[in-house]
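Structural description and commentary
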Amino acid sequence: MSPVVKIYALFLGSALLMFGGGLQGLLLSVRGAEEHFSLLALGLIGTGWSVGFVAGSITVPMLVQRVGHIRAFSIMAAIGTVTILLNLVWINDIGWIVLRAFSGFCFAGAAMIVESWLNEVADNRSRGTIFSIYVTINMAASTFGQLAMSVTGVTGYIPFVIGAISFICAILPSALTSTPQPRPLSSARLDVMLLYKTSPLAVIASFACGMANGTFGTLAPVYGYAQGLDAAGIAYLFSVTAVVGAIAQIPFGRLSDKIDRRLVMIFLSGVAMAVGFLAVVTNPGPGIWMYILFGFYGFSAYPLYAIAVAHANDFAKDGDFAKVAGGMLLILGVGLAIGPIIASWVMNTLAPVGLFIVTATFHGALAVTAFLRMKVRPVRDEKGRVRFRAMNAEKGVSPGTVGLDPRSEEGQENIARTAPKPVMPKPDAVKPEEPDVQIGT
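Reading the values: rules and limits
Residues numbered from 1 in each chain as written. Predicted model: local features only at pLDDT ≥ 70, side-chain atom pairs only at ≥ 80, totals over all residues. Heavy atoms only, no water. Helix = DSSP H or I, 4+ residues; strand = E, 2+ residues; numbered from the N terminus. Buried < 20%, exposed > 50% of the residue type's maximum accessible area, 1.4 Å probe, protein only. Contact = heavy atoms within 4.5 Å. Areas by Shrake-Rupley, 256 points an atom, 1.4 Å probe, with all protein chains shown as cover. Expected span 1.5 Å × (residues − 1). Bend = angle between axes of the 7 residues up to and from the residue. Phe/Tyr/Trp six-rings, centres within 6.5 Å; stacked < 30°, edge-to-face > 60°. Patch = residues over 30% accessible without salt bridge, like charges linked within 9 Å, V, L, I, M, F, W, Y side chains within 5 Å. Salt bridge = Lys/Arg side-chain N within 4 Å of Asp/Glu carboxyl O. Core = buried A, V, L, I, M, F, W, Y, C linked by side-chain atoms within 4.5 Å. Arc of directions from axis to C-beta. Axes fitted to C-alpha atoms, helices over the stretch in contact; angles between N-to-C directions. Parallel < 35°, antiparallel > 145°, perpendicular 65-115°, else oblique. Nonpolar A, V, L, I, M, F, W, Y, C, P; charged D, E, K, R; others polar.

**Considering the overall build of the chain**
Tallying secondary structure elements over the chain gives 17 helices and zero strands in all. For the chain, with 441 residues in total, the buried portion stands at 55%. Restricting the contact set of the chain to residue pairs at least 6 apart, pairs at least 24 apart contribute 87%. On the chain, roughly 19100 Å² of surface is accessible, and the fraction owed to carbon and sulfur atoms is 67%.

Put into structure tokens, the structure is as follows:
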């Protein structure tokens, strides 16, 4: 049976979870603005998600070891359901900050559980295909969740209930599957110092992407609301950004496989910086110009993290891949947590368009750093380069993703476990008349 067919339940459960997550993330920002939450509180809601995500990445493996993958995934879905319903019952800025941390915990745990399960089912020939399908399904489901807000609106209880239904239904596919659950989860080890020694640019890139994308993902809906967009307009706006960003990953990733990845990073971060400056200068209101700017932001900003990961992997030693990737995720999570706090202060001090001052600043810093690093370190030759893989740089990544790459230590163990054992040739029978003859090996 095809591995993709065997794990359809995982894909479906993950899609339902991401649908609810896409709806919830956009809903809280817009509904919070309608409830007149302060910009600082709205920024801290995004920070709470990142803090919970990091906490989940650290603690969920122990839960999986205790109760198994299926029960652990059910717990994560249940936490997500309870959290979004409490968002409806307890409409309070402090309460939403705390609850958002539980949401981050839920998604970190669910991602690690699903990704480790995928790694168990996949073999080395199908791992890349399965991972691509998994990322595509998650991006599509999250986008559909955001679009759902254009139908449900943000007032009343309907959007919260729909999100809760999506979360609780995510339990059903994995609970009903006949596919055996894998062995206990092995999390990626975090080693920031090793990452810095491997590639200083990777540290700057991870932090810059986290700061910019965390800011944009949390507070751009607030900016759209301040500019007069309704719920449907904000949902369409973010859908354009997500779709364009997903489409842009493959061509720029392939280009980075052929030329110096830092050139691609300089171009993309330069375009993202230009988009930020144009937004600050023009301060666009509802209309085609805002959609164009947001589309170009997704086009330039969303592929950056995946290219930075590939660049770090180019210089990683054999056996250090998991540690380097874990360090990238940790730095990204720190940026995702800090970015909304700084941006909320800038937006409150200057104007809502101050959001793009923050994104432009960090993208500009990344472009300058990549240019300077080109003067210090030569490009890795083709034989030592790692093939690009698309990744989500805003939400949904976890240390469990590391196990999906055959260069990780977990992947190497799978190779040894799944590889056919060599058949040793039977030694020739020793002739009675030649007892002293030794068989060559």
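Next, the rest of the story.
**A closer look at helix α10 (residues 200-226)**
Over its 27 residues, α10 runs 38 Å from end to end, which matches the ideal 39 Å to within 8%, given 1.5 Å per residue. Its axis deflected by about 45° at Leu219, α10 carries its strongest bend there, up to four residues before the proline Pro221. Most of α10 is tucked away: 23 of the 27 residues are buried.

**Section: the packing of aromatic side chains**
Two aromatic rings, taken as a pair, are described by how far apart their centres are and by the angle between their planes. According to the stated counting rule, one finds 16 aromatic pairs in the structure shown. Relative to Phe356, the ring of Phe216 has its centre 6.5 Å away and its plane inclined at 65°; by these criteria the two rings are edge-to-face. Here Phe356 lies in helix α16 (residues 354-376) and Phe216 lies in helix α10, a separation of 140 residues in the sequence. Here Phe216 matches Phe356 in class, with each residue buried. Consider the rings of Phe252 and Phe267, whose centres lie 6.0 Å apart with planes at 35°: the pair is tilted. Of the two residues, Phe252 sits in helix α11 (residues 231-258) while Phe267 sits in helix α12 (residues 261-282), which places them 15 residues apart along the sequence. Take Phe252: its relative accessible area is 11%, and that puts it in the buried class. For Phe267, a relative accessible area of 44% translates into the label partly exposed.

**Looking at a nonpolar patch on the surface**
A surface patch of nonpolar side chains, about 480 Å² in accessible area, is lined by Leu278, Ile288, Trp289, Ile292 and Phe296. Counting residues per element, the nonpolar patch draws most heavily on helix α13 (residues 288-301), which supplies four residues.

**As for the nonpolar core**
Core analysis: the biggest nonpolar cluster contains 76 residues, and Leu17, Leu118, Met149, Phe216, Phe294 and Phe356 have the highest contact counts within it. Broken down by element, the residue count for this core peaks at 12 residues, all from helix α5 (residues 93-121). One finds Ala202, Leu304, Ala308 and Leu366 within the second-largest nonpolar core, a separate group that totals 25 residues.

**Looking at the pattern of salt bridges**
On inspection of all chains with the given rule, the structure shows two salt bridges. Residue Glu35 is joined to Arg31 by a salt bridge in which the shortest nitrogen-to-oxygen separation is 3.0 Å. With a relative accessible area of 33%, Glu35 lands in the partly exposed category. In this structure, Asp260 and Arg262 form a salt bridge, with 3.1 Å as the shortest nitrogen-oxygen distance.

**So, helix α7 (residues 158-169)**
Counted at 1.5 Å a residue, the expected span for α7 with its 12 residues is 16 Å, and the 16 Å between its end C-alpha atoms agrees. Those residues of α7 not exposed but buried are Pro159, Phe160, Gly163, Ala164, Ser166 and Phe167. Projected down its long axis, α7 carries its buried residues within an arc of 160°, all on one side.

**Structural notes on the packing of α11 against α12**
The N-to-C vectors of α11 and α12 enclose an angle of 140°; their axes lie 7 Å apart at closest approach. As far as their axial angle goes, α12 and α11 are oblique. Listed contacts from α12 to Phe252, Leu255, Ser256 and Asp257 of α11 are Arg261, Val264, Phe267 and Leu268. Residue composition of the contact of α11 with α12, grouped by class: five nonpolar, one polar and two charged.

**A look at the environment of Leu176**
Along the polypeptide, Leu176 turns up in helix α8 (residues 171-176). Between the C-alpha atom of Leu176 and that of Ile70, which follows or precedes it by 106 residues, the distance is 9.8 Å.

**Let's talk about unusual backbone geometry**
Positive phi, normally seen in glycine, also occurs at His36, with a value near 65°. With respect to the helices and strands, His36 occurs in the loop between α2 (8-34) and α3 (39-67).

**What to know about the side chain of Thr143**
As for its placement among the helices and strands, Thr143 is situated in helix α6 (residues 127-152). Apart from residues no more than four positions distant in its own chain, Thr143 is found in contact with Ser239, Ala242 and Val243.

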